[in-house]
Amino acid sequence: MPDRIIDLILGIKGKCLDKEESIRQEFKLSPAEYRGILAMTPGQPCNCNALSKNMGLSVSRGSRVVEKLIKHKYLEQKISKEDRRNVILKLAPKGTRVRKKIEVVLNECEQTIQKKLSVSEKKDTIKLFHKLEDCL
């Protein structure tokens, strides 16, 4: 059993990445496309700049991801009437279905974790993770 906090964090991260990888493979998504779908809220449009920021990518890299998501029919685009340079994006029906399926898998993972924790352990774990996040 590792004694270093970083080893425990890396172990948890590895397990999360394995789960994410299986989801991405099921839908044939790249890591960036996966993040792009998760960064969108069903029914709420946004522009490419906001989506890029939500994904943690530069606007130019975000634009390439958006192009792929549009090409694979996960996103729909509409040119703003007020400013033709502004492209409004929203999840297409296919993207909404995939987003919902991803959420189901993530919720199942959350439930698995929560079943193994008492209410106080859950609160303590969340508090500790926030504290660790603030450290980095």
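Refer to the structure printed above.
Residues numbered from 1 in each chain as written. Predicted model: local features only at pLDDT ≥ 70, side-chain atom pairs only at ≥ 80, totals over all residues. Heavy atoms only, no water.

Peer 1: I'd like a description of the environment of Leu-89, backed by residues and values.
Peer 2: Considering the arrangement of structural elements, one finds Leu-89 in strand β3 (residues 87–91). Those residues within four positions of Leu-89 in sequence are excluded, and the remaining contacts are Met-40, Gln-44, Pro-45, Cys-46, Asn-47, Cys-48, Leu-51, Val-66, Ile-70, Leu-75, Glu-76 and Gln-77. (Helix = DSSP H or I, 4+ residues; strand = E, 2+ residues; numbered from the N terminus. Contact = heavy atoms within 4.5 Å.)

Peer 1: Give a detailed account of the environment of Met-40, specifying residues and quantitative values.
Peer 2: In this fold, Met-40 is placed in the loop between α2 (31–39) and β1 (46–47). Residue Met-40 is classed as buried on the basis of its relative accessible area, which comes to 1%. For Met-40 and Asp-3, which are 37 residues apart along the polypeptide, the C-alpha to C-alpha distance reads 38 Å. (Buried < 20%, exposed > 50% of the residue type's maximum accessible area, 1.4 Å probe, protein only.)

Peer 1: Break down the sheet that holds β1 for me, citing the residues and quoting the values.
Peer 2: Taken in spatial order, the three strands make up an open sheet running β1-β3-β2, and their pairing is antiparallel. A single partner strand is all that each edge strand has here, and the edge strands are β1 and β2 (75–79). Here two bridges tie β1 to β3, and the two strands are oriented antiparallel to one another. Bridging across to β3, Cys-46 finds its partner in Leu-89. (Pairing = 2+ DSSP bridges.)

Peer 1: Can you break down the nonpolar core residue by residue, with the values?
Peer 2: In this structure, Leu-29, Leu-51, Leu-75 and Ile-102 are the most contacted members of the largest nonpolar core, which totals 23 residues. Of all elements in the fold, only α1 (5–27), α2, α3 (48–55), α4 (59–71), β3 and α5 (93–115) reach the threshold of two or more residues within this core. Counting residues per element, this core draws most heavily on α2, which supplies four residues. Residues contacting Leu-75, with those up to four places away along its chain left out, are Met-40, Leu-51, Val-66, Leu-69, Ile-70, Leu-89, Lys-90, Leu-91 and Ala-92. (Core = buried A, V, L, I, M, F, W, Y, C linked by side-chain atoms within 4.5 Å.)

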